[in-house]
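# Notes for the structure review
Spelled out from the first residue to the last, the chains are:
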Amino acid sequence: MTIEAITIGPATVEPTTVEPIPRRGPGSTWLLCGGCGTMLYERRFARDGRVCPDCSWHAPMTIHQRLDLLLDADSARPVDVPAIDGDPLEFTDTRPYRDRLRDARASTGLDEAAACVRGTIDGNPVVVVVMDFRFLGGSLGATVGEVFTRAAELALRERTPLLTVTASGGARMQEGAIALMQMAKTSQALGQLDEAGILTVSLITDPTFGGVAASFATLADVIIAEPGARLGFAGRRVIEQTIRQSLPEDFQTAEFLLAHGVVDLISPRHELRANLARLLSVSSRRADGIPRQAGRPDRAVVTDPEQLARRDAWESVRAARRLGRPTTLDYAAMILEDFTELRGDRMSADCPALVAGLGRLDGIPVAVLGTQKGHTADELRYRNFGMPTPAGYRKSARVMRLAAKLGLPVITLIDTAGAYPGIEAEEQAQAVAIAENLRLMAGLPVPVVAVVTGEGGSGGALALAFADRVLMCANAVYSVISAEGCAAILWKNPAAAPTAAAALRVDARELLRLGVVDGVIPEPDGGADADPAGTAARLREALRGALADLLPLDQMNLVTRRRARFRQFGVATPASAPVPAPAPSGDAHESQTDRSVEATR
Ligand SMILES: [Zn+2]
């Protein structure tokens, strides 16, 4: 089926092809799957949410089918949008546009290609805009733009999250520049929701292209795609003709977009309601602000270095690197409820070494982000050994901005040898990504708590640790450079790493004394890897305590104190007493007074 639609781009006008809708086979109750061609029993297909049981093809849905699928039963209330002139140009091609509109209305039973309703998803109120590709290819004209904008204005007025379900070939040619302007009109409506702190979610269904993709479909806080759904600016055929190359099979599919950082998650249809409900419940802003929870920080966190046992720094380094230590995702599973992982930097990639998401800590909605290692060789390779790329830092920045928008505290968990040193990382401006995170975190208008849970490797760790409260686990280390790196540069001998570790004062006791960390979370006997659940319980308690202290502070206070905390490093104050040097261990070292080079990673 070829649908007239245009793709806004450099002189491209492209008919978009949609997957064939199920065709009637012999008899009246069998359909042919548009994905694999298998015969489907119609009633069962409908019951399965129009998903093929054989190949998981997600068939197109009408507006009514979509609303039935997503919303709580009987919760949908249509929002009327006043009729507007549907033919501003009095356009005629081979047929008058008015005739095409009339036919589309007759064949779909719809007024236009989009409708707005308010309703609830698992009890969470939401304003929903749904598009229907059957109506002139879901093209974006003045009425569709108006439906979306009215929905956004309603969401703003009522402080209710906005959900958009897109299916579109692009802007509607027959309305000319007026259609083009709908991209601007809808984008600024979403900008107002950003300013007001209202959650926006976009559900991408197949296909979403051109002017819709380049406006409201991709400006949402969270972008969910159905499996196989295609989204792009220019259509596949136009690109192939332009660059004269054949494109990969999965080009512009949800899976391709996830890998390239455009969508947060791919949700099969039967999981959509649950996924949406979780997001809506965690991130809806409440009139009474963030719930507050009493904490007992004194029990969970050691703030006096004298209460910590002296230990060999190199032992700490080795303990911090143990593969069995819980990772960020392990902690998220153990201490958070309703966690939704958000992926992608919205520009190039999704970095598996840095994970981020929204969840709830003892009822408090929070954004959590952290570096991610693994427990097996395969996992470690997939996670790039916990060393984030620039895309990782840009993803974390995106989620921190979202937290700021929604008023959610930010928790960061850090266990990384450092930012990834590689050619691509430099091409993509690793240094800039880290620097921008530091500036962003300095001014975040929400509480920020950072915990070094394992290795705190240099700038790559600090990029997540500009916080109101910086904590570390008892066996964690935090350092300007790895002990090995320092030994190689200053001692010209990697075997001097234990000596370097001691000289750098990388262990919890020394960092607490230096004021680099505010508190140390004791680990169970045998370390975090011996008792992950026990460690997680202590982490939760420490986080609760920190949030209980920070949540009552207003934005100005938070930011002022955070900046002051980092302003004082390196400045002599009456309180700062000289720190006795730790006893040297291992190799003797030569003096290198002129080579205090910081080779940060
Ligand atoms: Zn199939």
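Here the structure is shown first, and the text comes after it.
For the structure given in this document, a descriptive report is provided here. (Residues numbered from 1 in each chain as written. Predicted model: local features only at pLDDT ≥ 70, side-chain atom pairs only at ≥ 80, totals over all residues. Heavy atoms only, no water.)

### With respect to unusual backbone geometry
In most cases, non-glycine residues show a negative phi, while peptide bonds are predominantly trans. Cut-off, in case you're wondering: Working definition: helices are DSSP H or I runs of at least four residues, strands are E runs of at least two. Numbering for both runs from the N terminus. Relative accessible area decides the class of each residue, using a 1.4 Å probe on protein chains only: under 20% of the type maximum gives buried, over 50% gives exposed, and in between gives partly exposed.
Residue Pro 207 is bonded to the preceding Asp 206 through a cis peptide linkage, with omega at -15 degrees. By the element assignment, Pro 207 lies in strand β10 (residues 200-209). Positive phi, normally seen in glycine, also occurs at Ala 429, with a value near 65 degrees. Of the residues examined, Ala 429 reaches a relative accessible area of 25% and is grouped as partly exposed.

### Focus on the pattern of salt bridges
Rules: Any Lys or Arg side-chain nitrogen found within 4 Å of a carboxyl oxygen on Asp or Glu counts as a salt bridge.
What the rule picks out here adds up to 40 salt bridges. Here Glu 455 and Arg 321 are joined by a salt bridge, their closest N and O atoms 3.0 Å apart. Here Arg 321 lies in the loop between α11 (313-320) and α12 (328-335) and Glu 455 lies in strand β18 (residues 448-457), a separation of 134 residues in the sequence. According to the relative accessible area criterion, Arg 321 is partly exposed, its value standing at 30%. Of the charged contacts, one joins Arg 343 and Asp 350 as a salt bridge, the two residues approaching to 2.8 Å between their closest N and O atoms. Given a relative accessible area of 22%, Arg 343 falls into the partly exposed group. Counted as one network, the salt bridges with shared partners bring together Glu 306, Arg 505, Arg 509, Glu 510 and Arg 513.

### Focus: the coordination of the zinc ion
Convention followed: Because water is not among the atoms used, a metal site may look incomplete, as its donors are only the N, O and S atoms within 2.8 Å, or 3.2 Å for Na, K and Ca.
Protein coordination at the zinc ion comes from Cys 33 (SG), Cys 36 (SG), Cys 52 (SG) and Cys 55 (SG), with a distance range of 2.3 Å. In primary-sequence terms, the residues that donate to the zinc ion follow C-x2-C-x15-C-x2-C. Here Cys 36 is found in the loop between β4 (30-32) and β5 (39-41), whereas its partner Cys 52 is found in the loop between α1 (42-47) and α2 (63-70), with 16 residues between them in sequence.

### Re the layout of surface pockets
Put simply, the test is: With a 1 Å grid laid over protein atoms only, a set of points is called a cavity when a 1.4 Å probe fits there but cannot get out and a pocket when it is open yet has protein on both sides within 12 Å along at least five of seven lines; lining residues have an atom within 4 Å of a point. Grid points are joined across faces, edges and corners, and a volume is the space filled by probe spheres set on the points. Each residue receives one of three labels: charged for Asp, Glu, Lys and Arg, nonpolar for Ala, Val, Leu, Ile, Met, Phe, Trp, Tyr, Cys and Pro, and polar for the others, Gly being one of them.
By volume, the largest pocket amounts to about 680 Å³. Residue lining of the largest pocket: 32 residues in total, with Asp 111, Glu 112, Ala 114, Ala 115 and Cys 116 positioned closest to the centre. Elements supplying a minimum of two residues to the lining of the largest pocket: α2, β6 (77-78), α3 (97-108), β7 (114-121) and α4 (142-158). Tallied by class, residues from the lining of the largest pocket come to 18 nonpolar, five polar and nine charged.

### Section: the environment of Ala 442
The test is simple: We call two residues in contact whenever any of their non-hydrogen atoms come within 4.5 Å of each other.
Relative to the helices and strands, Ala 442 is located in helix α16 (residues 430-442). Owing to a relative accessible area of 11%, Ala 442 belongs among the buried residues under this scheme. Excluding anything up to four places from it in sequence, Ala 442 contacts Phe 466, Val 559, Arg 562 and Arg 563.

### Regarding the pairing of strand β8 (residues 124-131)
Remember that side chains alternate between the two faces of the sheet whenever the strand is regular. Quick reminder of the rule: Strand pairing is assigned whenever DSSP detects at least two bridges linking the two strands. With the strands aimed away from the viewer, a crossover counts as right-handed if its path from the first strand over the helix to the second runs clockwise.
Most of β8 is tucked away: seven of the eight residues are buried. Sheet topology places β7 next to β8; eight bridges connect them, and they run antiparallel. When the bridges of β8 are listed, Ile 121 appears paired with Asn 124. Counting the residues that bridge the hairpin from β7 to β8 gives two residues, and of these Asp 122 lies at a positive phi of roughly 50 degrees. The parallel pair β8 and strand β9 (residues 162-168), bridged by α4, forms a crossover whose chirality is right-handed.

### Considerations on the side chain of Thr 166
Its place among the elements puts Thr 166 in strand β9. Residue classification places Thr 166 among the buried positions, given a relative accessible area of 0%. Not counting chain neighbours up to four residues away, the residues in contact with Thr 166 comprise Met 131, Leu 203, Ile 204, Thr 205, Thr 208, Val 212, Phe 216 and Ala 217.

### Some thoughts on the packing of aromatic side chains
Selection criterion: Stacked, edge-to-face and tilted are the three classes for Phe, Tyr and Trp ring pairs, Trp counted by its six-membered ring, which pair at centre distances within 6.5 Å; planes under 30 degrees apart are stacked, over 60 edge-to-face, the rest tilted. When the NZ atom of lysine or the CZ atom of arginine is within 6 Å of a ring's centre and also within 35 degrees of its normal, the charge is said to sit over that ring.
For the structure on display, the rule yields five aromatic pairs. Between Phe 148 and Phe 216, the ring centres sit 4.4 Å apart and the planes meet at 20 degrees, which makes this aromatic pair stacked. A residue pair is termed long-range when its members are at least 10 positions apart, and Phe 148 in helix α4 and Phe 216 in the loop between α6 (210-213) and β11 (222-225) qualify at 68 residues. A connected cluster of aromatic rings, assembled from ring pairs, spans Phe 466, Phe 566 and Phe 569. The ring of Phe 566 is capped by Arg 565, whose NZ or CZ atom sits 4.8 Å from the centre of that ring.

### Quick look at the pairing of strand β15 (residues 354-361)
Counting buried positions along β15 gives eight out of eight residues, so the element sits mostly inside the fold. Going residue by residue along β15, you find Leu 354, Ala 356, Leu 358 and Arg 360 tucked away on one face and Val 355, Gly 357, Gly 359 and Leu 361 tucked away on the opposite face as well. With four bridges joining them, strand β14 (residues 337-342) and β15 adopt antiparallel strand pairing. Paired with Thr 340 across the bridge in β15 is Leu 358.

### Some thoughts on the nonpolar core
As a reminder, the rule being used: Remark: nonpolar core denotes a set of buried residues (Ala, Val, Leu, Ile, Met, Phe, Trp, Tyr, Cys) joined through side-chain atoms within 4.5 Å.
Val 128, Leu 162, Leu 163, Ile 224 and Met 472 are the most contacted members of the largest nonpolar core, which totals 146 residues. Broken down by element, this core gets its largest block of residues, eight residues, from helix α14 (residues 390-406). Among all residues touching Leu 163, those that are not within four sequence positions of it are Leu 70, Ile 121, Val 126, Val 127, Val 128, Val 129, Val 201, Leu 203 and Leu 276. Trp 314, Val 317, Trp 491 and Ala 501 belong to the second-largest nonpolar core, a separate cluster that totals 17 residues.

### Considering α4
Put simply, the rule reads: In this scheme, a helix's expected span is set at 1.5 Å multiplied by one less than its residue total.
For α4, built from 17 residues, the straight-helix expectation of 24 Å at 1.5 Å per residue is met to within 8% by its first-to-last C-alpha distance of 24 Å. In terms of burial, α4 is a largely internal element, twelve of the 17 residues being buried. Buried within α4 we find Ala 142, Thr 143, Val 144, Gly 145, Glu 146, Val 147, Phe 148, Thr 149, Ala 151, Ala 152, Leu 154 and Ala 155. Structurally, α4 contributes buried residues whose contacts are with β7, β8, β9 and α5 (176-196). Of the residues one or two after α4, Arg 159 is the one with positive phi, at around 50 degrees.

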